[in-house]
Amino acid sequence: MVTLVPSPDDCCWGAAYCVADEDRQPVLDNLDHRERGGFDRNEVRVEFSNPDRPPIQALVYVANARNRNFLGAASDAQIASQIRDSHGPSGANLEYALRLAESLREMGAADEHVFAIADLLRDDAS
């Protein structure tokens, strides 16, 4: 997951996961618990890079003002600093951020914000 913020005119690249009907509620309960610290569950339209696949509706978690870890309008350097110093149950945020940038590049997504932060993190690591 990555912190998404409302931005109606922008798009977000990523992966969509299909959850079996019988697993839906336990998965949502787990995600709702994990994202309880300042994220709202929203339904959005998802379009696939393969034009033969029709769009679908999917759920995403979007940051809100109650999120105690959300920096708001912060500089890339401030965001990189927070990422560098943070660690969660799934591992280091540094590793997550670098893999996110790598995955977006592999998808052909042009996310200059994520790429700039990843560059700062890589520069700090060398």
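Since we're looking at a predicted model, the values are computed, not measured.

**Q** I'd like a description of the side chain of asparagine 64, backed by residues and values.
**A** Along the polypeptide, asparagine 64 turns up in the loop between strand 2 (56–63) and helix 2 (76–85). Reaching out from asparagine 64, the side chain makes a polar contact with the side chain of aspartate 40 at a distance of 3.0 Å. If near-sequence neighbours (up to four positions away) are discounted, asparagine 64 is found in contact with Gly38, Phe39, Asp40 and Phe70.

**Q** I'd love a proper account of the nonpolar core, names of residues and values included.
**A** Counting 15 residues, the largest nonpolar core has Ile79, Ile83, Ala101, Leu104, Val114, Ile117 and Leu121 as its most contacted members. Those elements that place two or more of their residues in this core are helix 2, helix 3 (93–107) and helix 4 (112–125). Apart from residues lying up to four places away in sequence, leucine 104 is in contact with Trp13, Ala109, Asp111, Val114 and Phe115.

**Q** Report on the pattern of salt bridges, specifying residues and quantitative values.
**A** Evaluation of the coordinates by the stated rule reveals five salt bridges. In this structure, aspartate 32 and arginine 41 form a salt bridge, with 2.5 Å as the shortest nitrogen-oxygen distance. The class for aspartate 32 is partly exposed, based on a relative accessible area of 27%. By relative accessible area, arginine 41 is classed as partly exposed at 38%. Arginine 122 is the salt-bridge partner of aspartate 119, the closest N and O atoms lying 2.7 Å from each other. Of this pair, aspartate 119 and arginine 122 both sit in helix 4, three residues apart, roughly one helical turn. Judged by its relative accessible area of 35%, arginine 122 is partly exposed. When salt bridges with common partners are traced through the structure, they connect Glu95, Arg99 and Glu102 into a single cluster.

**Q** Explain the packing of aromatic side chains to me, and be specific about the residues and the numbers.
**A** The final tally for this structure, using the stated rule, is zero aromatic pairs. A cation over an aromatic ring shows up here: arginine 53 above the ring of phenylalanine 48, its NZ or CZ 3.9 Å from the ring centre. Note that arginine 105 overlies the ring of phenylalanine 115, its terminal NZ or CZ placed 3.9 Å from the centroid.

Conventions we followed
Residues numbered from 1 in each chain as written. Predicted model: local features only at pLDDT ≥ 70, side-chain atom pairs only at ≥ 80, totals over all residues. Heavy atoms only, no water. Helix = DSSP H or I, 4+ residues; strand = E, 2+ residues; numbered from the N terminus. Polar contact = N/O pair within 3.5 Å; in protein donor to acceptor, adjacent residues only side chain to side chain. Contact = heavy atoms within 4.5 Å. Core = buried A, V, L, I, M, F, W, Y, C linked by side-chain atoms within 4.5 Å. Buried < 20%, exposed > 50% of the residue type's maximum accessible area, 1.4 Å probe, protein only. Salt bridge = Lys/Arg side-chain N within 4 Å of Asp/Glu carboxyl O. Phe/Tyr/Trp six-rings, centres within 6.5 Å; stacked < 30°, edge-to-face > 60°. Lys NZ or Arg CZ within 6 Å of the ring centre and 35° of its normal.

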